[in-house]
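Here is how the chains run, residue by residue.
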Number of protein chains: 4
Amino acid sequence: MKRQQILDAAYTVFSRKGYHCATVDEIVALADTGKGTVYNYFVNKEQLFYTLIKERSAAFEAKLDITASLAEPPLSKVEKVIKVFLEFYTANADLWRVLMHEMRGLGNEEKGLTQAQREKYREKFRHSISILEKILQEGIEQGAIRKCDVHKAAHGLFSVIVMTVFQGCVGQTADSIDAAARSIADIFLYGVAARHG
Amino acid sequence: MKRQQILDAAYTVFSRKGYHCATVDEIVALADTGKGTVYNYFVNKEQLFYTLIKERSAAFEAKLDITASLAEPPLSKVEKVIKVFLEFYTANADLWRVLMHEMRGLGNEEKGLTQAQREKYREKFRHSISILEKILQEGIEQGAIRKCDVHKAAHGLFSVIVMTVFQGCVGQTADSIDAAARSIADIFLYGVAARHG
Amino acid sequence: MKRQQILDAAYTVFSRKGYHCATVDEIVALADTGKGTVYNYFVNKEQLFYTLIKERSAAFEAKLDITASLAEPPLSKVEKVIKVFLEFYTANADLWRVLMHEMRGLGNEEKGLTQAQREKYREKFRHSISILEKILQEGIEQGAIRKCDVHKAAHGLFSVIVMTVFQGCVGQTADSIDAAARSIADIFLYGVAARHG
Amino acid sequence: MKRQQILDAAYTVFSRKGYHCATVDEIVALADTGKGTVYNYFVNKEQLFYTLIKERSAAFEAKLDITASLAEPPLSKVEKVIKVFLEFYTANADLWRVLMHEMRGLGNEEKGLTQAQREKYREKFRHSISILEKILQEGIEQGAIRKCDVHKAAHGLFSVIVMTVFQGCVGQTADSIDAAARSIADIFLYGVAARHG
DNA sequence: TATGAATGAGTCTTCATTCAT
DNA sequence: AATGAATGAAGACTCATTCAT
């Protein structure tokens, strides 16, 4: 119970302040617990952050895998999977923004995240993108998507999704997410160029 | 001279460590100067960071404006402007990643950047995106680009460019940038959907 | 307990060095504690100083009020109250000298004391002097003291007391204080001029 | 010429900020000169301060000596000498307040003033007080002043003068100074006690 | 298990002083 | 003589982490 309180508080504080500006003191105050308690459940600030990310993304990753393996026409599957992404990212936009920043840090091992830790985070993103690749590849094989570098295309799609969210272009309502998913899918699939003929 | 040494060192350290983990001590060590010297030229760490951003982006912004006002077919102008973006962002990827993170309201007013300061940074991005909008709008008027929400489309394009760079998908060579620009323009303009007829 | 150790050390260091030259490091060393501990109990150096003043003067102020309200002949009450002042000021001469210096608007708002803080300190002195005024006024009403501007006279008396202490003219022994009190009272009440008649 | 500009600026800044909060930068800015120039004329901040004190008090000390050796009735000589004090101290109140504070510092030799330096300052005050003693002693010998500890009495008188000034009870006009001198002389000579008979 | 007082390494920033021009 | 860029020692304050209760 205390553990969950701490994780919830950590979610709020990390989201608001970023990894470095978030202080254990603030998390503790919000979690209504003692500072020592945090260190009973988590070995340090970094591992608290990691645990938070892991637990928050678990359900999303499961849903992503399921969506990818549905039997469905490629183009509509693309839109569906975009929606799954948007649902998760809009709900966790702030925390994930923080995560994406911290992942970079070629910084020293002392501050910021450990190199090893960072690799774990990166793996998560790679997994997500590989799902998109798989779907695109499927589409190509079925002739619904034109031949292209699926890796780059998947990356591009992922980027647009993430940026759309991070730029605050999507609301949190189901409708808003639906509309954004359609809009992204439309541009991604058909481009912005005028079609002649 | 010392001023430039400091700015160069700051570029390296901020890029590697991010704004918070970068220490003045490290910048000073790399710049091969005394700590006091930094404070002779810059009022504090934040203003050093800001100056860095401003000086690094000046040439880029000028070039962007010029490119936007060239008389040229819309579609090829899109590709050209994408190239301008890519050239700048690949050369400054790490620092801009840091900037984009700090710009978010994260962190308290004390640490991190001032609210007022952040607004200045945001203005830079707004300007870049407005250039894209202008070009797209031009394309629509000339019938080269299909009607769409230019603001959203510009945002999307900007996002793809930035993300492409930040994901490390582009090398620093002119060839690599050319290829990436073409690839982004291609997907952005024509989408990934197979064209039938 | 640590709190008291810190206050005791702060008393010594502030008394010896003055507000500005006193360093937290030195206080910490003397208090035999860690630097962070100081900041657990006091928000900053200034508030540590203020707390010190407040706690040290509390007992004195209480005693002053009591002495002022005793039923006693005015002239002997004047001597008594002078003694109360001397007892306190001789015991805290160094720290109070520091306080009186800092109270002046000297120094910028950043360093030194806040304007607001200074006002609090000044209030303490105003209170002390008003007690003297009250006693002198009483004396005038009872015909024991000749009519004069009580505010100025109280100020003058206060000044003599404080200066006597600050000039180091009084020892710490009860006898020394008694003698000084009598001497001050004598000159203040009867002047130094020879009386003819 | 530069030398005098620096001394004038130093007077202003030391008076306003106190010894420690005054910065060489500020003095230099006010003196409209270069920082190095200060160190051409004065060996360091402390010696600049000392020089300032010395030059400012020279005329006063001369006048004091003259006044003391005038052939004049003791009581009126007391009032005259009080006036000399008041004239000087009201004109230099802020700087002398600063001086009196710095003189104390039992502080370390590093910051604040040197022990040796402090002794020089103290000597100045001792001299002033000894003048008062001399006048009082003269008065006693001539029967105008009742027998008392002249050292203590001189100290007391000096204290009242200084405090009167420091408390801001005296204006800078000749009239204000005259009035204050008479008032101090009156209380000092005749006391505040009612005279019966 | 829960707590929070204690800690000190690490950070930014200031400022008197020097010295080459 | 005049200058001001360069310097670094020193100081206030923060915060993740520990450990005794």
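Everything numeric here is computed off the predicted structure, so don't read it as measured data.

**Observations regarding the protein's contact with DNA strand E**
Taken together, 32 residues lie near DNA strand E, and T33 and G36 of chain A together with T33, G36 and Y41 of chain C sit nearest. A breakdown of the atoms of DNA strand E within 4 Å of the protein gives sugar and phosphate a share of 58%. Side-chain polar atom of T33 of chain C to a phosphate oxygen of DNA strand E: 2.3 Å apart, as the coordinates give it. Contributing elements (two or more residues each) for the surface near DNA strand E: α3 (35-41) of chain A, α3 (35-41) of chain B, α3 (35-41) of chain C together with α3 (35-41) of chain D. Of the residues in the surface near DNA strand E, the class split is eight nonpolar, 15 polar and nine charged.

**Details of the side chain of S159 of chain B**
Secondary-structure assignment places S159 of chain B in helix α8 (residues 150-166). The contacts of S159 of chain B, once residues within four sequence positions are left out, are M163 and Q167 of chain A.

**A look at the pattern of salt bridges**
For the coordinates displayed, the defined rule picks out 56 salt bridges over all chains. Between E119 of chain A and R122 of chain A there is a salt bridge; the shortest N-O distance is 3.6 Å. Of this pair, E119 of chain A and R122 of chain A both sit in helix α7 (residues 115-141), three residues apart, roughly one helical turn. For E119 of chain A, a relative accessible area of 36% corresponds to the partly exposed category. Close ionic contact of R56 of chain D with D8 of chain D constitutes a salt bridge, the shortest N to O distance being 4.0 Å. Placement of R56 of chain D in helix α4 (residues 45-68) and of D8 of chain D in helix α1 (residues 2-21) is noted, with a sequence separation of 48 residues between them. Salt bridges sharing partners connect three or more residues here, namely E119, R122, E123 and R126 of chain A.

**Quick notes on helix α2 (residues 24-31) of chain B**
Residues and elements named next belong to chain B. Considered for burial, the residues of α2 that qualify are V24, I27, V28 and A31. Looking straight down α2, one finds that the buried residues subtend no more than 100 degrees of arc, so they occupy a single side. On its buried face, α2 sits against α1 (2-21), α3 and α4 (45-68). Immediately beyond the C-terminal end of α2, within one or two residues, lies D32, with a positive phi of roughly 55 degrees.

What counts, and where the lines are drawn
Residues numbered from 1 in each chain as written. Chains lettered and ligands numbered in written order. Predicted model: local features only at pLDDT ≥ 70, side-chain atom pairs only at ≥ 80, totals over all residues. Heavy atoms only, no water. Near = heavy atom within 4 Å. Polar contact = N/O pair within 3.5 Å; in protein donor to acceptor, adjacent residues only side chain to side chain. Helix = DSSP H or I, 4+ residues; strand = E, 2+ residues; numbered from the N terminus. Nonpolar A, V, L, I, M, F, W, Y, C, P; charged D, E, K, R; others polar. Contact = heavy atoms within 4.5 Å. Salt bridge = Lys/Arg side-chain N within 4 Å of Asp/Glu carboxyl O. Buried < 20%, exposed > 50% of the residue type's maximum accessible area, 1.4 Å probe, protein only. Arc of directions from axis to C-beta.

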